[in-house]
Amino acid sequence: MNEELIRSLSVRGVSYAYRLLRQPNQVTEPALVLGGALQGMYGWPQMEEELGPVTDVITADLPGMGSAGPLPPGPSMDVLCAAILGIVDDLGAARINLFGFSYGAGIAFSSAQRFPDRIARLVLGGVPADVGDTQVRAWQQASERLSRGDTAAFATLAAEGLLCLDEHQHVARRKLAYRYVRRAMLQAALHSPHAVDSLHRALSDRPDFAGGLSGIPTLVFSGEHDTVTTPERQRAFAATIPGSRFLTIPDTDHWVVLERPQEVAELAARFFTDGPLETAPALAPVAREGRAEGDPACV
C-alpha cells in the first residue's frame, strides 16, 4: 500500500490541502487529479488504483472545495491555478502530470497555460468548452432550489443536468451513475459549506477555452453521449492544441469517469507513461446485443 500524506497549504490567505499517495518506484512524473466543482480529495479511488503502481498520486481540496477555505468574491481561476502551482512547489517536483475532469478540466487547462514548464503531460476529460443554454438553465434551476434549501430537488435537477437521459442512447451503468451523482450532490448540499458558491462559480467563472496551448503533450477525451458539451465541440477544442489527441469513449455520457472508471484510469496511466492508446480498453464498446461494432473516434 502506498504511503499516504496530507499536506495543508494556503494561497492568498485561503487554506487548502492536498493528499499524496507515494510511490517509491516512480516511472513517470507525479500525477495530480482534479475533478468537478463539488469533488474533493477522496473521490478518485479508480485513479489511485491505476496510477498508484507507476507514480505518486495527488488529489486535493482546492480553495472553495471540500474542507478548504472559501474563495473570495469575484473571478477565482487565478487563485485556483496559484493553488495548483503551490502543490507542485510543495512536492518539490520539477514537473507533474495533470488530469482534469469536467470543472477540473478548466482548472487544469488554465494551469497549463499559466505555467507550462511545470506540466509534463495533460489529460482533459468532459471539457466544458461550450456549455449550452439548456444545461445552463438546468443548473441555474438547481442552484435556485439549493439556495431555497430544497436539497432533494437540487440533487435531482443537478444529476439530470449532467447525464444523458435519452434511453435511445446506450450508456453503461446509467442508473448506477445517476444514483451516485444524485447522492453525491445531496451530500454536498447537506454538508459542504461551499456548495452554492461552487455551483455559481461553475456556471459563471469558466476559463477561456479558446486561449490556446502548445508544447505540452495533451489528450482530450469525451463521452460518446456527453450532453454538457458535445464530443464534436470537445474535438474542436482539442484541435486548438497542436499535436493533441482526441478520443471518444463509447457508451458513456458526461460522467464517463463513473460509467467506465477503470478504463478511463487505465487510459490516463497509458498516456502518462507514453504507452499505446489504440489498444486501451476504454476505446472498445461495451458488449451488448444490437450494437454495431465500429472504431471509436481517434485523431
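Everything that follows concerns the structure shown earlier in this document.
Residue indices follow the written sequence of each chain, beginning from 1 at its first position. It should be noted that, the model being predicted, local features are given only for residues of pLDDT at least 70 and side-chain atom pairs only at 80 or more, the latter also being counted only at that level, while totals for whole chains, interfaces and linings use all residues. Calculated side-chain values reflect all of the structure's heavy atoms, with hydrogen atoms and water omitted.

## Quick word on the overall build of the chain
Within the chain, the regular secondary structure consists of 10 helices and eight strands. We compute the radius of gyration over the C-alpha atoms and compare it with the globule rule, which gives 2.2 Å times the number of residues raised to the power 0.38. Whereas a compact globule of 299 residues would reach a radius of gyration of roughly 19 Å, the chain reaches 18 Å, a difference of no more than 12%. Its C-alpha atoms put the chain at 50 × 50 × 40 Å along the principal axes. A simple rule labels every residue: compare its accessible area, found with a 1.4 Å probe on the protein chains alone, to the largest value its type can have, and call it buried under 20%, exposed over 50%, or partly exposed in between. For the chain, with 299 residues in total, the buried portion stands at 55%. Of the contacts formed within the chain by residues at least 6 apart in sequence, a portion of 72% connects residues at least 24 apart. For the chain, the computed accessible surface area is about 12,700 Å², with 51% contributed by carbon and sulfur atoms. His residues and chain termini do not enter the charge count, which takes Lys and Arg as positive and Asp and Glu as negative. By convention, charge coordinates are those of NZ in Lys, CZ in Arg, CG in Asp, or CD in Glu. Here the chain carries 26 positive and 35 negative side-chain charges, and the mean point of each set is 2 Å from the other. Under the DSSP-based scheme used, a helix requires at least four consecutive residues in state H or I and a strand at least two consecutive residues in state E, with every element numbered from the N terminus. Here, two residues are considered to be in contact whenever any of their heavy atoms come within 4.5 Å of each other. The Shrake-Rupley method, run with a 1.4 Å probe sphere, supplies the accessible areas, and residue values consider only the shown protein chains as cover.

## Focus: the environment of Ala184
Relative to the assigned elements, Ala184 resides in helix α6 (residues 174–191). For Ala184, a relative accessible area of 35% gives the class partly exposed.

## Some words on the sheet that holds strand β8 (residues 245–249)
Spatially, the eight strands line up as an open sheet ordered β1-β2-β4-β3-β5-β6-β7-β8, and their pairing is mixed. Bordering the open sheet on either side are β1 (3–11) and β8, each of which pairs with just one other strand. Averaged over neighbouring strand pairs, the angle between their axes works out to 20° when direction is ignored. The pairing of strand β3 (residues 31–34) with strand β4 (residues 57–61) spans two bridges and is classified as parallel. Residue Leu32 lies in a different strand from β4, and its bridge partner there is Ile58. Paired strands, in this sense, are two strands between which DSSP finds at least two bridges. Lines are fitted to the C-alpha atoms to define the axes, a helix being fitted only along its stretch in contact, and any angle between axes, read from their N-to-C directions, falls within 0 to 180 degrees.

## Observations regarding the environment of Ile58
If you trace the backbone, Ile58 turns up in strand β4. Non-local contacts of Ile58, meaning those with residues more than four positions away in its chain, are made with Tyr18, Arg19, Leu20, Pro30, Ala31, Leu32, Val33, Ile87 and Leu91.

## Describing the nonpolar core
Working definition of a nonpolar core: buried Ala, Val, Leu, Ile, Met, Phe, Trp, Tyr and Cys residues. They are joined through side-chain atoms within 4.5 Å. Among the nonpolar cores identified, the biggest contains 45 residues, and Leu62, Ile107, Leu124 and Phe237 are the most heavily contacted of them. Val33, Val57, Ala189 and Phe221 belong to the second-largest nonpolar core, a separate cluster that totals 43 residues.

## Considerations on the packing of aromatic side chains
Stacked, edge-to-face and tilted labels apply to pairs of Phe, Tyr and Trp rings (six-membered ring for Trp) whose centres lie within 6.5 Å, assigned for plane angles under 30 degrees, over 60, and everything in between, in that order. Under the definition given, this model contains eight aromatic pairs. With a centroid separation of 5.1 Å and an interplanar angle of 80°, the aromatic rings of Phe109 and Phe237 are classed as edge-to-face. Here the residue Phe109 occupies a position in helix α3 (residues 103–114), and Phe237 occupies one in helix α8 (residues 231–238), the gap between them amounting to 128 residues. Owing to a relative accessible area of 0%, Phe109 belongs among the buried residues under this scheme. Cluster of aromatic residues (ring-pair linked, three or more members): Trp44, Phe99, Phe101, Phe221 and Trp255.

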